[in-house]
There are 2 protein chains.
Amino acid sequence: MSLSLTVAVDANGADAGPAEVARGAVLAAESGVNVLIFGPAREMGSLPESVEVVDAPLSIAKSADPARAVRLHPDASIVQAWRAVADGHAQAVVTGGSTGAALAAGLFTVKRARGIHRPALAALVPMPDHPFLLLDAGANVIVRPEHLVQFAHMGAAFMRAALGVAHPRVALLSNGEEAERGREEIVAAHAALSGDAGLGLHFVGNIEGFAIGSGAADVIVTDGFTGNVALKVMEGTSAAIFRAVRSSAHASPRAALGGLLLKPALGDLRNTVDPEAQGGAVLLGLRAVGVMAHGSFSAPGFGRAVELAAQAIRNDLLGLTLSQLGAAHALRPPPPGAEAAVAPRAPEPSDATPSSAPAEAP
Amino acid sequence: MSLSLTVAVDANGADAGPAEVARGAVLAAESGVNVLIFGPAREMGSLPESVEVVDAPLSIAKSADPARAVRLHPDASIVQAWRAVADGHAQAVVTGGSTGAALAAGLFTVKRARGIHRPALAALVPMPDHPFLLLDAGANVIVRPEHLVQFAHMGAAFMRAALGVAHPRVALLSNGEEAERGREEIVAAHAALSGDAGLGLHFVGNIEGFAIGSGAADVIVTDGFTGNVALKVMEGTSAAIFRAVRSSAHASPRAALGGLLLKPALGDLRNTVDPEAQGGAVLLGLRAVGVMAHGSFSAPGFGRAVELAAQAIRNDLLGLTLSQLGAAHALRPPPPGAEAAVAPRAPEPSDATPSSAPAEAP
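A brief report on the enclosed structure follows. (Residues numbered from 1 in each chain as written. Chains lettered and ligands numbered in written order. Predicted model: local features only at pLDDT ≥ 70, side-chain atom pairs only at ≥ 80, totals over all residues. Heavy atoms only, no water.)

### Focus on the relation of the copies chain B and chain A
Turning one copy of the chain about an axis and sliding it along that axis gives the other copy, so a rotation and a shift relate them. The operation relating chain B to chain A is a screw motion whose rotation component is 180 degrees, with 0.0 Å of axial translation and a residual RMSD of 0.1 Å. The operation mapping one copy onto its partner corresponds to a two-fold rotation axis. Ranked by how close their C-alpha atoms come to the rotation axis, the residues of chain B are headed by Gly258 of chain B, at 1.8 Å. (Least-squares fit on C-alpha atoms with pLDDT ≥ 70 in both.)

### Topic: the pairing of strand β11 (residues 289-292) of chain A
All names here are of chain A. Side chains of β11 alternate between two faces, with Val289 and Val291 and Gly290 and Met292 buried alike. The pairing of strand β4 (residues 92-95) with β11 spans four bridges and is classified as parallel. Bridging across to β11, Val94 finds its partner in Val291. Hairpin remark: strand β10 (residues 281-284) followed by β11, antiparallel, with four residues in the connecting loop; positive phi at Gly285, about 105 degrees. (Buried < 20%, exposed > 50% of the residue type's maximum accessible area, 1.4 Å probe, protein only. Helix = DSSP H or I, 4+ residues; strand = E, 2+ residues; numbered from the N terminus. Pairing = 2+ DSSP bridges.)

### Let's talk about the packing of helix α5 (residues 145-163) of chain A against helix α10 (residues 299-314) of chain A
Residue and element names in this part refer to chain A. Two numbers describe how α5 lies on α10: the axes approach to 7 Å, and their chain directions differ by 105 degrees. One element, α5, and the other, α10, form an angle in the roughly perpendicular class. Facing Phe158, Ala161, Ala162 and Leu163 of α5, the residues of α10 in contact are Leu308, Gln311 and Ala312. Of the residues that constitute the contact of α5 with α10, the class distribution is six nonpolar, one polar and no charged. (Axes fitted to C-alpha atoms, helices over the stretch in contact; angles between N-to-C directions. Parallel < 35°, antiparallel > 145°, perpendicular 65-115°, else oblique. Contact = heavy atoms within 4.5 Å. Nonpolar A, V, L, I, M, F, W, Y, C, P; charged D, E, K, R; others polar.)

### Description of the sheet that holds β10 of chain A
Residue and element names in this part refer to chain A. The strand order β3-β2-β1-β4-β11-β10-β5-β6-β9-β7-β8 describes an open sheet built from 11 strands, whose pairing is mixed. The open sheet has two free edges, formed respectively by β3 (51-55) and β8 (202-207), since each of these has just one partner strand. Here the average twist between neighbouring strands, direction ignored, is 25 degrees. In the sheet, β10 pairs with β11 via three bridges, with the strands oriented antiparallel. Residue pairing in the sheet places Leu283 in a bridge with Gly290 of β11. Packed onto the sheet, α10 meets β1 (6-10), β2 (34-39), β4, β5 (120-125) and β11 and runs at close to 145 degrees relative to β1.

### Re the nonpolar core
Of all hydrophobic cores here, the largest spans 234 residues; its most connected members are Trp82, Phe158 and Met234 of chain A together with Trp82 and Phe158 of chain B. Both domain 1 (1-116 + 285-362) and domain 2 (143-273) of chain B contribute no fewer than three residues apiece to this core. Aside from chain neighbours lying at most four places away, what touches Trp82 of chain A is Val93, Ala102, Ala105, Gly106, Thr109, Val110, Leu283, Leu286, Ala288, Val289 and Gly290 of chain A. Within the second largest apolar cluster, 20 residues are counted, among which are Ala265 of chain A together with Phe242, Ala255 and Leu269 of chain B. (Core = buried A, V, L, I, M, F, W, Y, C linked by side-chain atoms within 4.5 Å. Domains from an automatic or database assignment.)

### A short note on the environment of Ala81 of chain A
Residues and elements named next belong to chain A. By secondary structure assignment, the location of Ala81 is in helix α3 (residues 77-86). Classification of Ala81 by relative accessible area gives buried; the value is 0%. Remark: the alpha-carbon pair of Ala81 and Gly106, spanning 25 residues in sequence, is separated by 9.2 Å. When sequence neighbours within four positions are dropped, the list of residues in contact with Ala81 reads Ala8, Phe38 and Val93.

### With respect to the packing of aromatic side chains
Residue and element names in this part refer to chain B. Per the counting criterion, the structure on display carries two aromatic pairs over all chains. On the numbers, 5.9 Å between centres and 70 degrees between planes, the contact of Phe297 with Phe302 is edge-to-face. Judged by relative accessible area, Phe297 falls into the buried class, the value being 8%. Under the relative-accessibility criterion, Phe302 is labelled buried at 1%. (Phe/Tyr/Trp six-rings, centres within 6.5 Å; stacked < 30°, edge-to-face > 60°.)

### Structural notes on the interface of chain B and chain A
Taken together, the contact between chain B and chain A spans 51 residues of the former and 52 residues of the latter. Summing the contributions of chain B and of chain A, the shared interface buries around 4,500 Å²; its carbon and sulfur component is 71%. The residue Lys232 of chain B makes a salt bridge to Glu208 of chain A at a minimum N-O spacing of 2.1 Å. Where chain B packs against chain A, one counts 10 residue pairs in polar contact (both at pLDDT 80 or more). Secondary-structure elements contributing two or more residues to the side of chain B that touches chain A are α7 (224-248) and α8 (253-273) of chain B. A total of 19 residues in the side of chain B that touches chain A trace back to one element, the largest contributor, which is α7 of chain B. The residue inventory of the side of chain B that touches chain A, partitioned by class, reads 29 nonpolar, 14 polar and eight charged. (Buried area = accessible area lost by both parts, 1.4 Å probe. Salt bridge = Lys/Arg side-chain N within 4 Å of Asp/Glu carboxyl O. Polar contact = N/O pair within 3.5 Å; in protein donor to acceptor, adjacent residues only side chain to side chain.)

### Details of the pairing of β8 of chain A
All names here are of chain A. As paired elements, strand β7 (residues 169-173) and β8 share four bridges and run parallel to each other. From the neighbouring strand, Arg169 faces β8, where its bridge partner is His202. For the crossover from β7 across helix α6 (residues 184-194) to β8, the handedness is right-handed. (Right-handed = clockwise from strand over helix to strand, strands pointing away.)

### Thoughts on helix α1 (residues 18-30) of chain B
Residues and elements named next belong to chain B. With 13 residues, α1 extends 18 Å from end C-alpha to end C-alpha; this agrees with the ideal 18 Å at 1.5 Å per step. Every buried residue of α1 is accounted for by Pro18, Glu20, Val21, Ala22, Gly24, Ala25, Val26, Ala28 and Ala29. In the core, the buried residues of α1 are packed alongside β1 (6-10), β2 (34-39), β3 (51-55) and α10 (299-314). After α1 finishes, the residue Gly32 shows a positive phi value of roughly 105 degrees. (Expected span 1.5 Å × (residues − 1).)

### With respect to the sheet that holds strand β9 (residues 219-221) of chain B
All names here are of chain B. With mixed pairing, 11 strands are arranged side by side in an open sheet as β3-β2-β1-β4-β11-β10-β5-β6-β9-β7-β8. Of all strands in the sheet, those bounded by a partner on one side alone are β3 and β8 (202-207). Along the sheet, successive strands turn relative to each other by an average axial angle of 25 degrees, direction set aside.

### A closer look at unusual backbone geometry
Cis geometry marks the peptide bond from Leu135 of chain A to Asp136 of chain A; its omega dihedral reads 0 degrees. Take Asp136 of chain A: it is sitting in the loop between β6 (132-135) and α5. We note that His329 of chain A has phi near 50 degrees; this positive angle belongs to a residue other than glycine. Considering the arrangement of structural elements, one finds His329 of chain A in the segment after α11 (317-327). Residues other than glycine seldom take positive phi values, yet Lys111 of chain B does so here, at roughly 70 degrees. Residue placement: Lys111 of chain B occurs in the loop between α4 (99-109) and β5 (120-125).

### Here's the deal with the side chain of Thr109 of chain A
All names here are of chain A. Tracing the backbone through its elements, the reader meets Thr109 in helix α4 (residues 99-109). Look at Thr109 and you get buried, because its relative accessible area is 1%. In this structure the side chain of Thr109 is engaged in a polar contact, spanning 2.7 Å, whose partner is the backbone oxygen of Ala105.

### A short note on the side chain of Thr222 of chain B
Residue and element names in this part refer to chain B. Among the structural elements, Thr222 can be located in the loop between β9 and α7. A relative accessible area of 2% places Thr222 in the buried class. If we skip the residues at most four places from it in the chain, Thr222 touches Leu134, Leu135, Asp136, Leu148, Phe151, Leu173 and Gly227.

In structure tokens:
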């Protein structure tokens, strides 16, 4: 088992092809991260010795039943990447491929972390000046209050470990700021997080959709249905407004000149706020972190994704998550008959190895 | 009972005060709509004889329990406005006050329309080039499939009657386009609307949040929790981007000049897309329509709200809604022991009078 920090990179699934992902991995390797690339070796050209390549040409595309696709194709690049983590050869996965396949493969190989109810997909939303983490962004359509409580801690631990936010403010997304507003499970989670289950968190209560992009919270917690809709509404709204800004520059000759002069600055802004182009997402709650680079990323984006994964490992994301949850008595009790493991556990390399705990489908 | 078209206007609750609402009502009256204004007479100054004023100084502000506030204050302007409809003196209500109070007062006086499970709040969203109706925007946090089916017909009937869209395209908001994606009630509503319950509708299936503002649908149907979050996320995103566009004009002297030249066109756009400033909402499913002008509207906005209500009445919104629902066998069966009333009913003035059916809290 390698004791140094290694990130397993799945080179399949990116729009620009495996060579672009590999170039990104090389950028990260040059800054000191060990990288193990899984993908079609002959499509990646010659790579420097700083990265190791495992030939894995098979790609699992977006599938209606990713769990089945993963079981049928143990040699697929995303499954091999997670398997490398399960076997101790790497500590995190980066992919630009299908999120469903990445989650299914993660559950199948490294498994859910002990004490975690459900893994969540957390989206990094790069609103201008006010980036935040939105979770769950789609892994769990239906949630219970204890899931939301865990998402709150998982998201806060990620913002601490990977992004260096010392005291992330955590909010629940609801249809009103009052504690009693929202679906039943939100009201219950609000009560829990306002009490012992919020221990160690900077819980700021409910926020409404207005607060998106206002900087009111660093971590916004919701179920995977609402989170998925909210994220895509942001993207749709942002795209509609940029289209309209472009066409408002045709309103008059004066506006046309203005549009021309403003274009470079607006182009930069467009790149900053487009979650599709810049955001990416993170799988939290497995025994190792998975960073979902967006398929449209170019090499520097994949390089940053590898760096983000490395930063999460360096600052012991999993250990931090579990000790936070333990202190708040928010870990999942072990199943009857299992060894007691309710107390917060010190992070160990074995956290990244598969256990006999059953994987839970998203 | 007046047989001509009359709109009851609640002058309380608007940011600019009752006089501004009254000025808007006068604008509508000048174009031929009878207007009956309920509000503080001494704050509205002298008004032309084209409008009738009923002195009703008491305003119900936003309340945690609007149903209780309505029962306690039968003399409040919004309750008197709806009461005028229930008594046959008017056929619709316009208000810039609290939506919760308007819904509670409507349920208390004119009641739910026969055959309707639940009234819904429908938001008019003025995306550039692609305005659409989003419902439910907040009246029902939890819904059943048959509620979503009715919302689809109610929304389509409104777009036909009030906005002249001949064949509105209706979609369900979900976390994927496939028929099996989404919460249980969405999957069931999708199946129903793809079958007999979609009769007479142009049902286009599920759309994702991306489609907001793309013109993919004229009516977007969802539960009141998701709808409320989605609407506010649109507003939050739109505000964040306009803030960022403004500050991108400080990126360089070149950008600053561009921003200055583009400013008037962008200002127009800002006004077009801001749902707070231009959208407003509609209460559907009561025995008469209620148009919720936004509190920030100025006189012309209130005038347009009155016109919108008048247009809905002229084109028999309620009759159209009920005959559509009847044809699709989607009316609510009468309670056991009640007279049979499942068949679509011709619209009658009695639709606007109170029945003994129990009001249902939102």
